[in-house]
Each structure stands twice: as C-alpha cells, then as structure tokens.
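One letter stands for each residue in the lines below.
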Amino acid sequence: MAQQENKLNRETISCPICLDLLKDPVATTCGHSYCMNCIQNFWDGEDEKRIHSCPQCRQTFIPRPVLKKNTMLAALVEELKKTGLQAAPADHCYAGPEDVACDVCTGRKLKALKSCLVCLASYCEKHLQPHHDAAPLKKHKLVEPSKKLQENICSRHDEVMKIFCRTDQQCICYLCSMEEHKGHDTVSAAAERTERQRELEVSRQNIQQRIQDREKDVKELQQEVEAINGSADKAVEDSEKIFTELIRLMEKRRSDVKQQVRSQQETEVSRVKELQEKLEQEITELKRKDAELKKFSHTEDHNQFLHNYPSLSRLSQSTDSSSINIRPLRDFEDVTAAVSELRDKLQDVLRDQRTNISLTDTEVHVSLSGPEPEPKTRAEFLKYSRELTLDPNTANTELLLSEGNRKVTCTGQHQSYSSHPDRFTDYRQVLSRQSLTGRCYWEVEWRGRGVDVAVTYKNISRAGESGECRFGYNDKSWRLDCDTNSYYFWYNSLGTPVSGPRSSRVGVYLDHSAGILSFYSVSETMTLLHRVQTTFTQPLYAGLHIYPGSSAELCEVK
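Per an unreviewed UniProt entry, the protein chain carries the name Tripartite motif-containing protein 16 and comes from Nibea albiflora.

The following block contains the structure:
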C-alpha cells in the first residue's frame, strides 16, 4: 500500500515535461503543475503563434499567463525529498529496441549498465549493485552491455563455453571436449585469448610502426611542399622585380624615343613653317608685282609705256626649291623600323630563353606506386606529344630552316647566319628550342638520302670535327640513323644494326624520369625499332643530322 502511495506521490510531484521532481513548481489555470523553467521554455516556443497552451490538456491561454511559484507545492516537494523519494526514471533511462535491457527488471525494463560473463545476464544500475557489494559476486567478470551473451552458451549441452579447440578453431564447452572434440588440441579460452592478444599486440606494433613511417613520409612531403612553395615564391618575387626593372627600362626607352621624336617633330615643323612663311611672303610680293605689271600693260600711250618701262622694279630672288625637302617622314619611318627591330630582337631573346625559364626542367615527381606503363598504341603516345621547333642559333650554316622553324633542309650552300656559340660548325646538325623532361613524344618526317634522329644534352660540344660534337659519338647523345636501306643506332661511338619496316616517319618516345628512350617506325601501325634503358641526368633536346640533299620536319601531331 505504501509502495502504491509512493508511486502516486512520485507522479504527482514530477514535471510532465522533464519527468524529474518539480523545481520551482507553478500551476496553470487548467490545474497542471510544471517546473517554472520547463513551462516557460515551452511557451517561449509558442510566442510566434501568440497562443499558449498546456502541454497536457492543450487548453489555450490568451494572453500568455503570468506564473508565480506555488509555495505550498514547493514545500511538499522539499518535504518528500527528505524521505528519500526520487523522481521516476526519465524515458531516456528505459531500454529501447537498440539497447541492452536489464534482465532483472519487470515491466518496462531499464537500460543495462553492465553484463556479467559468469551470470550471463545484464543489469541496470540498481540490479548491478549486488555485484559491487557481495564478495562472491565481486569476482565475476563485468563487461559493457552485450546482446550476445547467449553465444557463450553451448547450444548442445547448455554449458558455458570456456574451452577453445585449436583443431577446429572454435569455442566449446567441457562436455564437447570429452565427446566430438576428444583428442583435439584444446586449451582454455583464456589461454587462447592471451596468445591471440600477444599476436594482436605484435600486429598493432607493426601498424603503429607503419603509421610512424607514413607520418614521417607525410612530414617529409609537407617539408617538400613548403620547400617548393618557398622556392616558387622566391622565384616569382625575384622574377617580378626583374621584369619590373625590365618594364621600367622599356618605359624609359619608350619615353626617350617619344621625346626624341617629338623634339625632332618640333624642329622640323618649325623649319617647314619658317620656309612656308617665306613662300607666302614671296607669293604676296609676286601677286602685287603681277597686279602692277597688269596695270602697266594697259597703258595706251606708247611713248609713256616705253618711257616708264625701265623704271619697273626688278623681281626679288626666288626661294630655292631644293630647300623644300620633306625629310621628317622618312626619318620617322626609320625610328619605327628601329623600334620594330628592337621588338623582334627582344622576341627572339625571350623565345630563346623560354625553355631556360620553363618549369618542366624542375619537375617534382612524387609517386607511391611504380613507374607508369609505356604507351602501346599511337593514340596513347599522342597523349604525350610535344610541339617542337628548331633553334636557328644551333643550325649548321649548310642547313636552311623553314615552316616556322619546324623543317630543315641541307642545301649545301652557306646560309647567312650570325655567329653564335651554340651553332654546330662542322656537322650538319640542329637542336630543338624546347628542352625535354617528363614523358614526351614527337615524330620526324624525312625525305631524301637520309637523316639522323637524335636526343642530346645541351652541353654537347659544338665547334670542331671531333666525336664530342657529333650525335651518337659521345656519352651525351643518342642517335638513330635512317636511310633508304637500313637503320643503325649509335651511342658513345658504338653502332648497333637495327631491323624494322622502312618508313619516312620516325616516332620518338622519352620517359625522362624512368630513363626510357624508344624509336618507332610509324606508318599505319607503330613498330618498335630500338629501345634504350639508362639514367638521364640532364634535360634533353631533340636533334637532327641531315644528309646532303635531304630534309626533315618536326611533325605537328594531334
């Protein structure tokens, strides 16, 4: 009876919103009681509707009621607290579908706080208390709440499985070890757990070591990123300063030219205007004289005409027509031509230096996997195609460049090239403007007796007839001889015959970082002629050696 009375009292003095004992209790006009904060917060959410209601009976109030603390109910709550009365468990204390429920609770079960591997039961906080108080129960193994406790019971013998069969790799009970697992390699589950735990720790150590190694790699890569960013930022900053200075110099030169032109303009205009004024004065004088002569010519008296004729004033000396010379136009054209020549030279310089400034020479390759596979089809090769042009400053004087410096022909006649330290003086050779790093592919179309298709380091010698200047006769260049009858590969003065189908087009594939250089005969299909595997230590340049009467062109491939 007392228990039922306590339940009634608990329900009476619990807040319907928070389900806890009333705090600062208030009562609405409909007779329901709430914690002051709970009902205020509830009504705060209804302010926008301008209608406030009771959470239990839904009676509405307009305007919002002003609530005052119910001192009698508050005193009752305080008095009941002294008797040890507590509020009913909140809904979140009860076990839901996904929770582990207490096996002891009756009616609506509370959430389990722990599960016991000895009792094979789960307990809420209240029913777990004996395991903390009773000496025999203190020895039981408590774990986090689990729904799988019954998996520890042998389905055949209804016994706890405390043994592990290593033969069959499964947990069994004692009776199983005496029957179908008799003679098997068995140990206690605890012993097997200890062994597996040891293996687990070794695995964890290996994983942790790998984590440390990878973190170290990540740190090094981050440092590399910072170094790259720092170097790039400095390069940008320095180049900005240099280009700013260059622009300033160009602006000054532009201003000087403008000032010189305007000064010359002013001088010439002044000279021309001065001459113009003299001519206008002469015209005025001539018109006056013409009018005088006209009047005199109409004298009817012959004697008077003859008498006065000698007294006519003589014409002043005419302005020399040779002084009328429009020189400024040609002078200004000369200035324009000089500026245009300066522009062309500057473009040549910038074009020559473009590959030296190219970031491809300083690529950063970071790969956690192996090298990429070499392309198989022409379409795959064309993904790495490079548009190359030939450098006039390297061309031998018997070579004529055309087609936008993509085609070279051996004319046998001396070309009027300017002197340049990069020029091949004795061998009919020429290099590309662009340097080659990373993965590159290009094709050469040739005509005539034959050509040599090569790649070389930039520091190959240029002057003289020694092998240090000739493609394939040193350790700085690799070359494939192509003529109408055969192929031959040369490196460091060592020649190798190469077999393959004859074609007027040769494809060259370079994987600089992997040290791969391949030559292909290109027609309807691609046939590998020769492949080199080495280590490239510098950026490479495409090279061509042209036989007399022959030509070669760096193809535009897409």
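Student: Would you mind going over the sheet that holds strand E6 (residues 121-123) with me for this structure?
Tutor: By definition, the strands of a sheet pair up through backbone hydrogen bonds, in either a parallel or an antiparallel sense. A sheet is described by the order of its strands in space; here three strands give the open sequence E6-E5-E7, paired in antiparallel fashion. Among the strands making up the open sheet, the edge pair consists of E6 and strand E7 (142-143). By the bridge criterion, two bridges tie strand E5 (residues 114-116) to E7 in an arrangement that is antiparallel. Within E7, the residue paired with serine 115 across the bridge is valine 143. Against the sheet, helix H4 (residues 125-133) makes contact with E5, E6 and E7, and its axis sits at roughly 110 degrees relative to E6, the strand it touches most.

Student: What should I look at first to understand the pairing of strand E16 (residues 477-483) in this one?
Tutor: With six of its seven residues buried, E16 lies for the most part within the structure. As paired elements, strand E15 (residues 450-457) and E16 share seven bridges and run antiparallel to each other. Within E16, the position partnered with threonine 456 by the bridge is serine 477. For E16 and strand E17 (residues 487-491), the ladder comprises five bridges, and the chain directions are antiparallel.

Student: Sorry if this is basic, but what is going on with the side chain of asparagine 474 here?
Tutor: Structurally, asparagine 474 is set in the loop between E15 and E16. For asparagine 474, the side chain forms a polar contact with the main-chain oxygen of glutamate 468, separated by 3.4 Å. Of note is the side chain of asparagine 474, whose polar atom sits 3.0 Å from the backbone oxygen of arginine 470.

Student: When you look at the layout of surface pockets in this model, what are you seeing that I'm missing?
Tutor: Its volume calculated, the second largest pocket comes out at about 340 Å³. Lining the second largest pocket are 13 residues; nearest its centre among them are Leu117, Asn152, Val160, Met161 and Lys162. Split by residue class, the lining of the second largest pocket holds eight nonpolar, two polar and three charged.

Student: Help me out: how do you make sense of helix H7 (residues 189-297) in this one?
Tutor: Three- or four-residue spacings in an α-helix give side chains the same orientation, since the helix completes a turn every 3.6 residues. A rise of 1.5 Å per residue sets the reference length of H7, with its 109 residues, at 162 Å; its end C-alpha atoms lie 151 Å apart and thus fit the reference within 8%. Within H7, the full set of buried residues consists of Glu192, Val257, Glu268, Leu275, Glu282, Lys289 and Phe296.

Student: Is there a simple way to explain the environment of cysteine 116 in this structure?
Tutor: The residue cysteine 116 is located in strand E5 in this model. Looking at cysteine 116, the relative accessible area reads 0%, which means it is buried. Taking C-alpha positions, cysteine 116 is 8.7 Å from glutamate 144, a pair spaced 28 residues apart along the chain. When near neighbours in sequence (up to four residues on either side) are disregarded, cysteine 116 contacts Ala121, Tyr123, His131, His140, Lys141, Leu142 and Leu149.

Student: Is there a simple way to think about the pattern of salt bridges in this case?
Tutor: Note that side chains of opposite charge can pair when their charged atoms are close. Evaluation of the coordinates by the stated rule reveals 30 salt bridges. Across the pair arginine 428 and glutamate 398 runs a salt bridge whose closest N-O atoms are separated by 3.1 Å. Residue arginine 428 is found in the loop between strand E12 (407-410) and strand E13 (429-436), and its partner glutamate 398 is found in the loop between helix H10 (378-382) and strand E11 (399-402); the two are separated by 30 residues along the sequence. Looking at glutamate 398, the relative accessible area reads 26%, which means it is partly exposed. Close ionic contact of arginine 479 with aspartate 452 constitutes a salt bridge, the shortest N to O distance being 3.2 Å. Here aspartate 452 lies in strand E15 and arginine 479 lies in strand E16, a separation of 27 residues in the sequence. When its relative accessible area of 2% is taken as the criterion, aspartate 452 is described as buried.

Conventions used here
Residues numbered from 1 in each chain as written. Predicted model: local features only at pLDDT ≥ 70, side-chain atom pairs only at ≥ 80, totals over all residues. Heavy atoms only, no water. Pairing = 2+ DSSP bridges. Helix = DSSP H or I, 4+ residues; strand = E, 2+ residues; numbered from the N terminus. Contact = heavy atoms within 4.5 Å. Axes fitted to C-alpha atoms, helices over the stretch in contact; angles between N-to-C directions. Buried < 20%, exposed > 50% of the residue type's maximum accessible area, 1.4 Å probe, protein only. Polar contact = N/O pair within 3.5 Å; in protein donor to acceptor, adjacent residues only side chain to side chain. 1 Å grid on protein atoms, 1.4 Å probe; cavity = no way out; pocket = protein on both sides within 12 Å on 5 of 7 lines; lining within 4 Å. Points joined across faces, edges and corners; volume = space filled by probe spheres on them. Nonpolar A, V, L, I, M, F, W, Y, C, P; charged D, E, K, R; others polar. Expected span 1.5 Å × (residues − 1). Salt bridge = Lys/Arg side-chain N within 4 Å of Asp/Glu carboxyl O.

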